[in-house]
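Inside the fold
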Amino acid sequence: MTALAINTDVGEGFGVWGPADEGDLLDQVTAANVACGFHAGDPDILRRTCEASAARGVAIGAQVSYRDLAGFGRRFIDVPTATLVNELLYQIGALEIFARLAGSRVSYVKAHGALYNAAAHHTGHAAAIVEAVTLYDRDLPLLCQPRTVLWEHAVKAGCRPLAEGFIDRGYTDEGLLVPRSAPGALVTDPAEAARRALRMAESGTVTSVSGRTVRIAPDDGDVSALCVHSDTPGAVAITAAVRASLGSGGITVSTPEALPGVLATERSEVRS
């Protein structure tokens, strides 16, 4: 991998709650996963966050979620698939207007929290995410993890999944994220995060919390995006260390839409 995107979750406030200025973090990333109002965010925050992202040339992504303000989108909700499709489209559309007003657009999609984790194995909710993306814009990159139900649905639908790695989160032996309540869930040391990021970019692997080497890239591909959560302690320092580490390895940073994702030949074969 010679180029990848660095993304972070932003706009995760509501009313008077939440960070007033995320500029220092936006200065370090290439893609902003903007909360669209269902797990966090309100119209003022959406507009402010889009303006701050666009001013820096940071790509604006729709971070869609279950309708769960009280639980910050970290609780599974057994919403019917058809309803979930509409809720996801609603969120993308809400963000799109503010992105356009800022001179940008929604250029990728990523699920948040419990929806991200559930879509790794929940057929109905994975299908809902893929359907929402294809209805809105089939060519939008979809950030997700390889060898999950969501990834498989995206490839079969002819979408554009980008393999994502998490700089600041622990991994299970299955290549999924360790629950936040479990030991080893967070990585907060910038030096360790930087080493992990470079390894993910170069080899597509990570060490799980049990010490195993786990492949998190597609079988015949690379990790295309790295995520650091804005609420991880020291997120700005972590991201700065990661960028420096990637640079030392000759890896450049880019926006999700500028990355190849699934090969065009593979997508055409799926559609035909």
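Residues numbered from 1 in each chain as written. Predicted model: local features only at pLDDT ≥ 70, side-chain atom pairs only at ≥ 80, totals over all residues. Heavy atoms only, no water.

1. Observations regarding helix α3 (residues 81-101)
Along its 21 residues, α3 runs 31 Å from first to last C-alpha, staying within 8% of the 30 Å computed at 1.5 Å per residue. Looking at α3, one finds that the buried residues are Leu84, Val85, Glu87, Leu88, Gln91, Ile92, Leu95, Glu96, Phe98 and Ala99. As for α3, its buried residues are in contact with β2 (31-35), α2 (43-55), β3 (59-64), β4 (106-111), α4 (113-118) and α5 (123-137). One or two positions beyond α3, positive phi appears at Gly103, with a value near 85 degrees. (Helix = DSSP H or I, 4+ residues; strand = E, 2+ residues; numbered from the N terminus. Expected span 1.5 Å × (residues − 1). Buried < 20%, exposed > 50% of the residue type's maximum accessible area, 1.4 Å probe, protein only. Contact = heavy atoms within 4.5 Å.)

2. Let's talk about unusual backbone geometry
Despite not being glycine, Phe72 has its phi angle at roughly 55 degrees, a positive value. With respect to the helices and strands, the residue Phe72 is situated in the loop between β3 and α3. Although it is not a glycine, Arg147 sits at a positive phi angle of roughly 60 degrees. Structurally, Arg147 can be placed in the loop between β5 (141-144) and α6 (149-156). With a relative accessible area of 41%, Arg147 lands in the partly exposed category.

3. Points about the environment of Gly18
With respect to the element layout, Gly18 can be found in the loop between β1 (3-10) and α1 (23-26). On the basis of relative accessible area, Gly18 is assigned to the partly exposed category, the value being 45%. It is 9.2 Å that separates the C-alpha atoms of Gly18 and Ala40, two residues lying 22 residues apart in sequence. If we ignore the near neighbours within four places in the chain, the residues touching Gly18 are Glu12 and Gly13.

4. Focus: the confidence of the model for the protein chain
For the protein chain, mean pLDDT is 93; residues scoring 70 or higher make up 95% of the total. Predicted confidence for residues 263-272 stays below pLDDT 50, and this span has 14 contacts to residues more than four positions away or in other chains. (pLDDT = per-residue confidence, 0-100.)

5. Regarding the packing of aromatic side chains
This model, assessed by the stated rule, comprises three aromatic pairs. Between the aromatic rings of Tyr66 and Phe76, the centroid separation amounts to 5.8 Å while the plane-to-plane angle is 90 degrees, which identifies the pairing as edge-to-face. With Tyr66 in the loop between β3 and α3 and Phe76 in the loop between β3 and α3, this residue pair connects regions lying ten residues apart in the sequence. Each ring, one from Tyr116 and one from Phe166, has its centre 5.5 Å from the other, and the planes form 90 degrees; the classification is edge-to-face. With Tyr116 in helix α4 and Phe166 in strand β6 (residues 160-166), the pair connects residues that are 50 residues apart, well separated along the chain. Neither Tyr116 nor Phe166 differs from the other in exposure class; each is buried. (Phe/Tyr/Trp six-rings, centres within 6.5 Å; stacked < 30°, edge-to-face > 60°.)

6. Side note on the nonpolar core
Within the largest apolar cluster, 71 residues are counted, with the highest numbers of intra-cluster contacts made by Leu95, Leu142 and Leu246. It is α3 that provides the largest number of residues to this core, a total of seven residues. Ignoring anything within four residues of it in the chain, the contact list for Leu246 reads Leu4, Ile6, Ala197, Leu198, Ala201, Leu226, Ile251 and Val253. Counting residues in each nonpolar core, the second largest holds nine residues, with Ala3, Ala5, Ala59 and Leu143 among its members. (Core = buried A, V, L, I, M, F, W, Y, C linked by side-chain atoms within 4.5 Å.)

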